[in-house]
Amino acid sequence: MATIKDVAKEAGVSVATVSRVINRNGYVQEETRKLVEAAISKLNYLPNEVARSLYFQKSKLIGLIIPDITNPFFPEIARGVEDVLQQNGYRLIIGNSDEDAEKEVRYIETFTQHNVLGVISTSSEEISQWEKLNIPVVLLDRIHHDFPFVCSDQKEGGRLAAQILLDRGSRNITLLRGPKHVRTAYERFFAALEVLGKSQVQFQVLNTSFSFDGALETAGKLFELYPDTDGVIAVNDIVASAVLREALLRGRKIPEEIQIIGFDDIPMSKFLFPALSTIQQPAYEMGKEAARLLLERIRQTDIRKKQIILPVSFVERETTRKAGDGTWQKLQ
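All figures in this text were calculated on a predicted structure; none of them were measured in a lab.

Novice: Which parts of the structure should I look at to understand the overall build of the protein?
Specialist: When helices and strands are counted, the protein shows 13 helices and 12 strands. Since a compact globule built from 332 residues should have a radius of gyration of about 20 Å, the 25 Å found for the protein marks it as more spread out than a globular shape. Overall, the protein is about 85 × 40 × 35 Å in size when its C-alpha atoms are taken along their principal axes. Counting only residues that meet the buried cut, the protein has 51% of its 332 residues in that class. Expressed as a percentage of contacts within the protein between residues at least 6 apart in sequence, the contacts between residues at least 24 apart total 70%. In the protein, 42 positive and 44 negative side-chain charges are present, and the distance between their average locations comes to 5 Å.

Novice: Sorry, what's going on with the pairing of strand β2 (residues 91–96) here?
Specialist: Within a regular strand, side chains alternate between the sheet's two faces. Pairing between strand β1 (residues 61–66) and β2: six bridges, direction parallel. Residue pairing for β2: L61 is matched across the bridge by R91. Following the chain from β1 across helix α5 (residues 73–87) to the adjacent parallel β2, one finds a crossover that is right-handed.

Novice: Where do I start with the packing of α5 against helix α12 (residues 283–299) in this structure?
Specialist: Between two packed helices, both the angle of their axes relative to each other and the distance between the axes serve to describe the pair. In the contact formed by α5 and α12, the axes pass within 7 Å of each other and the chain directions differ by 40°. With respect to their mutual orientation, α5 and α12 come out oblique. Regarding α5 and α12, the two cross each other, and that crossing is right-handed. Between α5 and α12, the contacting residues are F73, E76, I77, R79, G80, V81, D83, V84 and L85 on the first element and A283, Y284, M286, G287, K288, A291, R292 and L295 on the second. When its residues are assigned to classes, the contact of α5 with α12 shows 10 nonpolar, two polar and five charged.

Novice: Looking at this structure, I do not really get the pairing of strand β3 (residues 118–121). What am I missing?
Specialist: Every second residue of β3 is oriented toward a common face, with G118 and I120 on one face and V119 and S121 on the other, all of them buried. Taken together, the four bridges between β1 and β3 define a ladder with parallel strand orientation. Among the inter-strand pairings, I62 is bridged to a residue of β3, identified as G118. Alignment of β3 against strand β4 (residues 137–140), held across three bridges, turns out to be parallel. Bridging across to β4, I120 finds its partner in V138.

Novice: Looking at this structure, how should I read the pattern of salt bridges?
Specialist: Pairs can form between side chains of opposite charge whenever their charged atoms are close. Across all of its chains, the model carries 15 salt bridges by this definition. When the shortest N-O distance is used, the salt bridge between K306 and E296 registers 3.4 Å. Residue K306 is located in the loop between α12 and β11 (307–310), and its partner E296 is located in helix α12; the two are separated by 10 residues in the primary sequence. Classification of K306 as partly exposed rests on a relative accessible area of 24%. In this structure E296 comes out as partly exposed when scored by relative accessible area, which is 24%. Within this structure, E224, E246 and R250 form a network of salt bridges that share partners.

Novice: Sorry if this is basic, but what is going on with the packing of aromatic side chains here?
Specialist: Aromatic ring pairs are defined here through the distance separating the ring centres and the angle between the ring planes. Applying the stated rule across the entire model yields four aromatic pairs. With a centroid separation of 5.3 Å and an interplanar angle of 75°, the aromatic rings of F73 and F74 are classed as edge-to-face. In this structure F73 comes out as buried when scored by relative accessible area, which is 2%. F74 gets classed as buried once you look at its relative accessible area, which sits at 5%. Pairing Y107 with F111 gives two aromatic rings, centres 6.2 Å apart and planes at 35°, and the pair type is tilted. Taken as a pair, Y107 and F111 lie in helix α6 (residues 101–113) at a separation of four residues, close to a single helical turn. Classification of Y107 as partly exposed rests on a relative accessible area of 25%. Through successive ring pairs, a cluster of aromatic residues spans Y186, F189 and F190. Over the face of the ring belonging to F263 we find R188, whose NZ or CZ atom lies 3.9 Å from the ring centre. Above the plane of the ring of F271 lies K270, whose end atom (NZ or CZ) is 5.8 Å from the centre.

Novice: What exactly am I supposed to notice about the sheet that holds β11 here?
Specialist: Hydrogen bonding along the main chain pairs the strands of a sheet, whether they run parallel or antiparallel. Read from one edge of the open sheet, six strands run β2-β1-β3-β4-β5-β11, paired in parallel fashion. Of all strands in the sheet, those with a lone pairing partner are β2 and β11, marking the two edges. With direction set aside, neighbouring strand axes in the sheet form an average angle of 15°.

Novice: Is there a simple way to think about the environment of I238 in this case?
Specialist: On the secondary structure map, I238 appears in helix α11 (residues 237–249). Its relative accessible area of 4% is what places I238 among the buried residues. The sequence separation of I238 and K103 amounts to 135 residues, and the corresponding C-alpha distance is 23 Å. Those residues within four positions of I238 in sequence are excluded, and the remaining contacts are N71, P72, F210, S211, F212, A215 and I266.

Quick notes on the rules
Residues numbered from 1 in each chain as written. Predicted model: local features only at pLDDT ≥ 70, side-chain atom pairs only at ≥ 80, totals over all residues. Heavy atoms only, no water. Helix = DSSP H or I, 4+ residues; strand = E, 2+ residues; numbered from the N terminus. Rg over C-alpha atoms; globule rule 2.2 N^0.38 Å. Buried < 20%, exposed > 50% of the residue type's maximum accessible area, 1.4 Å probe, protein only. Contact = heavy atoms within 4.5 Å. Lys, Arg positive; Asp, Glu negative; His and termini not counted. Charge placed at Lys NZ, Arg CZ, Asp CG, Glu CD. Pairing = 2+ DSSP bridges. Right-handed = clockwise from strand over helix to strand, strands pointing away. Axes fitted to C-alpha atoms, helices over the stretch in contact; angles between N-to-C directions. Parallel < 35°, antiparallel > 145°, perpendicular 65-115°, else oblique. Left-handed = near helix turned anticlockwise from the far one by under 90°. Nonpolar A, V, L, I, M, F, W, Y, C, P; charged D, E, K, R; others polar. Salt bridge = Lys/Arg side-chain N within 4 Å of Asp/Glu carboxyl O. Phe/Tyr/Trp six-rings, centres within 6.5 Å; stacked < 30°, edge-to-face > 60°. Lys NZ or Arg CZ within 6 Å of the ring centre and 35° of its normal.

Below, the structure is given as structure tokens:
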């Protein structure tokens, strides 16, 4: 990899002259500038962005913390963030926190050392570490009213999932509740709970995590504890997929005997068999909105604590009955 000294030698000028050309400060004759630019092009030289940012106390770097890179929902969010940042000349550094507070703090320290201009977090809602920073922070798929955030309409998503199962004939519904410390999961859970509580059906609650391992454990436990379940509202599509697998292994007919609704609409949902009905969060758009909001704050074009809530929608596939289909009644 070429260095600034290599560029200076190729162009026949000093390192200081190369630096002035790169950073566009100080006077350089036009002929000399062309020589330096030709040398940079020939050697494919890339300036050390970290060193430059430390020198000028600024960078074009943005930090993004996500809780679990293996969950397909978060790479889609990250892509939305990255696309907007790249269009505006910024670069993205991603940290995977695994919902571990200490790991998150270490990433914040790393971001600070790299002189990032701002941070987007889809991980913890613990704000103490963010309050100490003197750079803009935007929460994404997380909610805290002391910070700007972008999320989808969690309450509407919970209500929609519950009402669809009721309207399509489920009468013994298990509600799979996500981590209590994540407010987005909390809001969708209580919205679904409110709808079920006003109905005449039997329902029960089972706690789960967002992870693959937690999903498999929850799916097995669900059918052991509540074997008569005929409707499941899952905290995300990963958990819903695990429930679908377990139901099929136990010989349950889907959706005739049991209906399942996920949350997120990750790409794999449409490839399952039967394909998963789910509440769609606009993950890519959420990422784009968060990036735009952060750039507004960095540029100080808008420093309000904006709170952007995007709509959700029901994606009907094969794990729920068709609206108005009365075949389920024949099975009772």
